[in-house]
Amino acid sequence: MIGIVNYGAGNIFSLTSALERLHLPYGMINEEGELDKYTHIIIPGVGHAGAAMRKLEQTGLVEPIKTLKKPVLGICVGMQLITSHSEEGDANMMNIVPVRTRLFDKELGIKIPHMGWNNIRHKNTSLFEGIENGSQFYFVHSYFIEYNPIFDIATADYGLPFSAGVQKGNFYGVQFHPEKSGTAGERLLKNFSNLKE
Amino acid sequence: MLSKRIIPCLDVKDGRTVKGVNFVDLRDAGDPVELAWRYAQQGADELVFLDITATHERRGTTIEMVKSVARQLNIPFTIGGGITSVADAEALLNSGADKISVNSAAVRNPALIEELAKAFGVQFVVLAVDTKLVQGRNMVHLNGGRLITELETEDWILKAEALGAGEILLTSMDHDGTKNGFDCILLDKVAKSINIPVIASGGAGKVEHFTDLFLNTDVDAALAASVFHYGEISLPYLKQELKKHNIAVRL
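Residues numbered from 1 in each chain as written. Chains lettered and ligands numbered in written order. Predicted model: local features only at pLDDT ≥ 70, side-chain atom pairs only at ≥ 80, totals over all residues. Heavy atoms only, no water.

### Description of the overall build of chain B
Basically, it comes down to this: Labels follow the DSSP assignment, with helices taken as runs of H or I lasting at least four residues and strands as runs of E lasting at least two, numbered in each case from the N terminus. Our radius of gyration is a C-alpha quantity, and the globule rule it is checked against amounts to 2.2 Å times the number of residues to the power 0.38. In this scheme, a residue with accessible area under 20% of its type's maximum is buried, one over 50% is exposed, and one in between is partly exposed, where area comes from a 1.4 Å probe on protein chains only. A contact between two residues is defined here by any heavy atoms of the two lying within 4.5 Å. For the accessible areas, the method is Shrake-Rupley and the probe is 1.4 Å, while residue cover comes only from the protein chains on display. Residues scored as charged are limited to Lys and Arg (positive) and Asp and Glu (negative), so that His and the chain ends carry no count. Lysine's charge is taken at NZ, arginine's at CZ, aspartate's at CG and glutamate's at CD.
The helix and strand inventory of chain B stands at ten helices and eleven strands. For chain B, whose C-alpha radius of gyration is 17 Å, the value lies close to the compact-globule estimate of 18 Å for 251 residues. Oriented by its inertia axes, the alpha-carbon framework of chain B measures out at about 45 × 40 × 35 Å. In chain B, which comprises 251 residues, the proportion classed as buried is 60%. A separation of at least 24 residues holds for 63% of the contacts in chain B among residues at least 6 apart in sequence. Surface summary for chain B: the accessible area is close to 10300 Å², and the carbon and sulfur share equals 49%. Charge centroids of chain B, computed over 26 positive and 33 negative side chains, lie 3 Å from each other.

Structure (structure tokens):
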């Protein structure tokens, strides 16, 4: 069963709705003791990464999450939380995946936020199983995860190539919103729920 | 590459869609959930619901509708109409809306844009602007074009961007309903003047209008209502035609 880290950063109605459509059972994690109840953990997040990190710290879940051995998926700001640092609020993140979260540069001639459907190139990891390469996902964000070939599992281009998906061991992150990304996004959530420890 | 978005717009009142919608096999043409799902299946990239519910007391039905849509829909959607406070917006966000759009309330109280952006992030705040040409100047109008303001459209949009609007939905009242094409000149000027996405609205009548729009302007999305509702343009066909012109679309 999937546990959703409930730390008050953004609305999770769309995420829980998507899990319900997929008949994937889930519950909420408010404190450390509840992490053991679930086989898979999702860290959602919308809004300001620095503020989200402070809220997560207040739950006391940061250190317990870092020691998890089961599959963990960060979505959007939830993905940024597993990086080392975010330029949003110049804030230190959980530093699970040693890459940085940076602000898009409008000097590249792009509009910010990066909003809408963009295609990704993925590396055929289990998370993207059955998802055609070049598929489009729904993004909405102003900060991005810098591309690093060691941790990148999916790349998108917006002014520059950035990581739309990262992985380090059992920790995964996606910048797009799978719960809003049509059938490709639903497949990704299903794939996540099938990942083995 | 970021795709150009195609956005059908649905008017809702008391939790039901109004204006006839002409899908042949709909069980209930007024059911927003069924319609939204249908558009999503056909390849809509996003949806906008414009809530024209007259009274504050009936807003509860809108919230229930937003929840039902969010439960069923796997694409993003915006809800606009009657949002005057952070509390209004929060109720919609918590019901699963991805974005809210504000129009008159922001004209009357520009600080609202800033408050919404601070509370929920700029990506959540769409500023809808209805514009109409008056003595050679594009002026912001309210109440569906009936009430002129003292704001020049381009100035207002620049100010709104600075306040924290994350996207602009620009409707040309001169073009709206004419089915003669979008106001490409103004739209391009606006899109080039700001650094946030622009949704074009008003004037869509045939497929070529969308191609013209995306080939000749820097806008990011196109919104239309009747051409989709009455089946005059089918979404899959529209997307194919755009692709033929090398316009990035999601198929």
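### Let's talk about the overall build of chain A
Looking only at helices and strands, chain A has five helices and 14 strands in total. Whereas a compact globule of 197 residues would reach a radius of gyration of roughly 16 Å, chain A reaches 15 Å, a difference of no more than 12%. Reported as C-alpha extents along the three principal axes, the dimensions of chain A are approximately 45 × 35 × 30 Å. Within chain A, the proportion of its 197 residues that are buried is 64%. Once local pairs closer than 6 in sequence are excluded, the contacts in chain A between residues at least 24 apart make up 67%. As presented, chain A carries roughly 7500 Å² of accessible surface, and 47% of it is formed by carbon and sulfur atoms. For chain A, the separation between the mean place of its 18 positive charges and that of its 20 negative charges on side chains is 2 Å.

### Points about empty space enclosed by the protein
Test applied: Definitions used throughout: a 1 Å grid over protein atoms alone; a cavity as a set of points that fits a 1.4 Å probe which cannot get out; a pocket as an open set with protein on both sides within 12 Å along at least five of seven lines; a lining residue as one with an atom within 4 Å of a point. Grid points are joined across faces, edges and corners, and a volume is the space filled by probe spheres set on the points. Any residue that is not Ala, Val, Leu, Ile, Met, Phe, Trp, Tyr, Cys, Pro, Asp, Glu, Lys or Arg is counted as polar, Gly included; the first ten are nonpolar and the last four charged.
Applying the stated criterion across every chain yields a total of one cavity of 30 Å³ or more. The calculated volume of the largest cavity comes to roughly 290 Å³. Along its surface, the largest cavity is lined by 21 residues, and Asn11(A), Val46(A), His177(A), Glu179(A) and Asp98(B) are the ones closest to its centre. Class assignment for the residues of the lining of the largest cavity results in eleven nonpolar, six polar and four charged.

### Quick look at the packing of aromatic side chains
Operational definition: Only Phe, Tyr and Trp rings take part, Trp by its six-membered ring, and two of them pair if their centres are within 6.5 Å. Stacked means planes under 30 degrees apart, edge-to-face means over 60, and tilted covers everything else.
All told, the structure shown has 14 aromatic pairs over all chains when counted by the stated rule. Centre to centre, the rings of Phe128(A) and Phe176(A) are 6.4 Å apart; their planes meet at 70°, and the pair counts as edge-to-face. With Phe128(A) in the loop between strand E9 (121-122) and strand E10 (136-141) and Phe176(A) in the loop between strand E14 (171-174) and helix H5 (182-194), the pair connects residues that are 48 residues apart, well separated along the chain. Owing to a relative accessible area of 1%, Phe128(A) belongs among the buried residues under this scheme. Ring centres of Phe120(B) and Phe124(B) lie 5.1 Å apart, and the angle between their planes is 65°; on these two criteria the pair is classed as edge-to-face. For the residue pair Phe120(B) and Phe124(B), the accessibility class agrees, reading buried in each case. Chaining the aromatic ring pairs together yields one cluster made of Phe104(A), Phe128(A), Phe137(A), Phe139(A), Phe144(A), Tyr158(A), Phe162(A) and Phe176(A).

### Digging into the environment of His48(A)
Residue and element names in this part refer to chain A. Our working definition: Identification of polar contacts relies on pairs of N or O atoms within 3.5 Å, with a donor-acceptor requirement for protein atoms, meaning one able to donate a hydrogen and the other able to accept it, and with residues adjacent in sequence counted only if both atoms are side-chain atoms.
For His 48, the location among the structural elements is in the loop between strand E3 (40-43) and helix H2 (49-58). The spatial distance from the C-alpha of His 48 to the C-alpha of Leu 73 is 18 Å, given a sequence separation of 25 residues. Engagement of the side chain of His 48 in a polar contact is seen with the backbone nitrogen of Gly 50, the distance being 3.1 Å. At a separation of 3.0 Å, a polar atom in the side chain of His 48 contacts the main-chain amide nitrogen of Ala 51.

### Things to note about the pairing of E10(A)
Residue and element names in this part refer to chain A. This is how it is decided: For two strands to be treated as a pair, DSSP must find no fewer than two bridges joining them.
Counting buried residues along E10, six of its six residues qualify, which places the element largely inside the surrounding structure. Side chains Gln 136, Tyr 138 and Val 140 project from E10 onto one buried face, and the interleaved Phe 137, Phe 139 and His 141 project onto a second face that is buried too. Across six bridges, the pairing between strand E8 (residues 114-119) and E10 is antiparallel. When the bridges of E10 are listed, Asn 119 appears paired with Gln 136.

### Considering the pattern of salt bridges
Here the idea is simple: oppositely charged side chains can pair when their charged atoms come close. What counts is decided by this rule: The term salt bridge refers to a pairing of a side-chain nitrogen on Lys or Arg with a carboxyl oxygen on Asp or Glu at a separation within 4 Å.
In the structure shown here, the tally under the stated rule is 23 salt bridges over all chains. Residue Glu63(A) pairs with Lys66(A) through a salt bridge whose shortest N-O separation is 3.7 Å. Of this pair, Glu63(A) and Lys66(A) both sit in helix H3 (residues 62-66), three residues apart, which is roughly one turn of that helix. According to the relative accessible area criterion, Lys66(A) is partly exposed, its value standing at 35%. Residue Lys179(B) pairs with Glu232(B) through a salt bridge whose shortest N-O separation is 2.7 Å.

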